[in-house]
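One-letter residues, chain by chain:
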Amino acid sequence: MTQLQTGTPLLTASDYRRSAQRLVGSDVWDFIEGGAEDERTLAANLRAFDRVRLRPRVLAGVPDADTTVSLFGTAYATPIGIAPTAYHRLVDAEGEVATARGAGRAGALFVVGMFASRTIEDIAAAASSGLWLQLYWLRRRDVMRDLAERAERSGYGAIMLTVDVPRMGRRWRDMRNGFAIGGDVAAVNIEPAVMAEAHRRDEGGSALARHTAGSFDPSLSWADLAWLRDCTRLPLVLKGILTAEDAALAVAHGADAIVVSNHGGRQLDGAVASLDALAEVADAVGGACPVLFDGGVRRGADALAALALGARMVLLGRPPLWGLAAGGADGVAGVLRTATEELAHAMVLAGRAALPDLDRTALRPTSLAGGDA
Ligand SMILES: Cc1cc2nc3c(=O)[nH]c(=O)nc-3n(C[C@H](O)[C@H](O)[C@H](O)COP(=O)(O)O)c2cc1C
Ligand SMILES: CCCCCCC(=O)C(=O)O
């Protein structure tokens, strides 16, 4: 059990969330918590896990569970890692450096966001477990190439290209708040001129949406991936796949892994819940490359369901930010360890000793059929 300075025992991700909310300003909180438009997909991501029912096996001789997993030659203590999220210094002065320390203590993968508020090199120096770098596709390809080269030089293990943001989802909360990145927080890995719009509060609406409209390349198509592939020797991971058709195209275009994700309900409101897309995508990939998953994972049993449906690794978006806000590196490690302990506990009770033992027989089929998405 983690106990931070607040004195409150933090037993679950929800405990970290409550603790974080007390410490974070309301506009930053809305930025973190919010989804696109009426937040139906955001809600569906969580509801999808409520439908899951597990099929525990008994007398399986499983006194303990092994949660270790390996990806692109790197071993992790847990299949629960950190999804890319922007600007960690919005909630903690040390930002991504603290996140990297927390991920290292938990033995977890940390996918650093393109809009990190600490340098790629400083984050690498603080890390003791695997790091990947996430990129959006900018009109300024020289910026992307520079970041990919810096990541490779700094020992990052993969490039994750996010493919579900040709434009930013309309996030009513940020638009109503006139949200902009303020104070001394900045995307320090990118030259300031490219990022200027993200800091302009004076025009109202979401400064982030204006920034993406100006700097992201919305014309990106499958054929362009070859350019990024030529920029780096690192494995290329595509994040934001929700259909069998796109999964097959990703494999055909040489993706080294894909992430089933609807961007935490922040892009297309009404899109399928991530969990409801997972089986379709895993079946289409058919083992051709690893499938990762994010969206709505809040407890170990949620991770178990996603792993059983075909995910090799599960990523958390908001919960590590709650941990970071509540307790810096300790909070991040606490969130990851809590989820991993919950996963191991659920595996023992379900009679599954190791991650390869998790397959669809661990889930009641009717709990996944239909749904609301
Ligand atoms: C505050 C915030 C910032 C995010 N920033 C990025 C980003 O920079 N790049 C990206 O690919 N995804 C970003 N995401 C999406 C996450 O990587 C992930 O897909 C999503 O949060 C998973 O859902 P969850 O929060 O329910 O775990 C962001 C999500 C949040 C909540
Ligand atoms: C200034 C660029 C905006 C990045 C925002 C990241 C984010 O909120 C998301 O991807 O979601």
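- As named in an unreviewed UniProt entry, the protein is Alpha-hydroxy acid oxidase, taken from Dactylosporangium darangshiense.
- The annotation that UniProt attaches to the protein under Cofactor (unreviewed entry) is "FMN".
- For the record of the protein, the UniProt heading Sequence similarities (unreviewed entry) holds the text "Belongs to the FMN-dependent alpha-hydroxy acid dehydrogenase family."

## Here's the deal with the pattern of salt bridges
And then number 1: Enumeration over the complete set of coordinates arrives at 24 salt bridges.
And then number 2: Note that Arg-51 and Asp-276 form a salt bridge whose closest N and O atoms lie 2.4 Å from each other. Residue Arg-51 is located in the loop between helix H3 (40-50) and strand S3 (69-71), and its partner Asp-276 is located in helix H12 (residues 274-285); the two are separated by 225 residues in the primary sequence.
And then number 3: Arg-51 sits in the partly exposed class, given a relative accessible area of 23%.
And then number 4: In this structure, the salt-bridge partner of Glu-203 is Arg-200, at a minimum N-O distance of 2.6 Å.

## Quick word on the site of ligand 2
And then number 1: The environment of ligand 2 is formed by 13 residues, the closest being Tyr-136, Arg-171, His-211, His-263 and Arg-266.
And then number 2: Within the side chain of Arg-171, an N or O atom sits 2.9 Å from an oxygen atom of ligand 2.
And then number 3: His-263 places a side-chain nitrogen or oxygen 2.6 Å from an oxygen atom of ligand 2.
And then number 4: Coverage of ligand 2 by the protein amounts to 94% of the 340 Å² it exposes when considered alone.
And then number 5: When each cavity is represented as a set of grid points, ligand 2 is found to reside in the largest cavity.
And then number 6: The residue inventory of the shell around ligand 2, partitioned by class, reads nine nonpolar, two polar and two charged.

## What to know about the layout of surface pockets
And then number 1: Computed from the structure, the largest pocket encloses a volume of approximately 470 Å³.
And then number 2: Val-163, Asp-164, Val-165, Pro-166 and Gly-240 are the residues nearest the centre of the largest pocket, which is lined by 25 residues in total.
And then number 3: Ranked by residues supplied to the lining of the largest pocket, first place goes to strand S9 (residues 236-241) with three residues.
And then number 4: When the residues that make up the lining of the largest pocket are grouped by side-chain class, the tally is 15 nonpolar, seven polar and three charged.
And then number 5: Its boundaries defined by the atoms lining it, the second largest pocket holds a volume of some 370 Å³.
And then number 6: Every residue lining the second largest pocket is counted, 19 residues in all, and those nearest its centre are Ser-14, Arg-17, Leu-46, Arg-298 and Trp-322.
And then number 7: For the lining of the second largest pocket, the elements supplying multiple residues, two or more each, are helix H1 (13-23), H3 and helix H14 (318-350).
And then number 8: When the residues that make up the lining of the second largest pocket are grouped by side-chain class, the tally is five nonpolar, five polar and nine charged.

## Focus: the site of ligand 1
And then number 1: Taken together, 22 residues lie near ligand 1, and Pro-84, Thr-162, Asp-294, Arg-298 and Arg-318 sit nearest.
And then number 2: Pro-84 has a polar backbone atom sitting 2.6 Å from an oxygen atom of ligand 1.
And then number 3: Contact with the protein chains hides 98% of the accessible area of ligand 1, taken as 610 Å² for the molecule alone.
And then number 4: Residue classes in the shell around ligand 1 are distributed as eight nonpolar, nine polar and five charged.

Reading the values: rules and limits
Residues numbered from 1 in each chain as written. Chains lettered and ligands numbered in written order. Predicted model: local features only at pLDDT ≥ 70, side-chain atom pairs only at ≥ 80, totals over all residues. Heavy atoms only, no water. UniProt positions renumbered as here; feature names shortened; annotations may be inferred. Salt bridge = Lys/Arg side-chain N within 4 Å of Asp/Glu carboxyl O. Helix = DSSP H or I, 4+ residues; strand = E, 2+ residues; numbered from the N terminus. Buried < 20%, exposed > 50% of the residue type's maximum accessible area, 1.4 Å probe, protein only. Near = heavy atom within 4 Å. Polar contact = N/O pair within 3.5 Å; in protein donor to acceptor, adjacent residues only side chain to side chain. Areas by Shrake-Rupley, 256 points an atom, 1.4 Å probe, with all protein chains shown as cover. 1 Å grid on protein atoms, 1.4 Å probe; cavity = no way out; pocket = protein on both sides within 12 Å on 5 of 7 lines; lining within 4 Å. Sits in = over half its atoms within 2 Å of the grid points. Nonpolar A, V, L, I, M, F, W, Y, C, P; charged D, E, K, R; others polar. Points joined across faces, edges and corners; volume = space filled by probe spheres on them.

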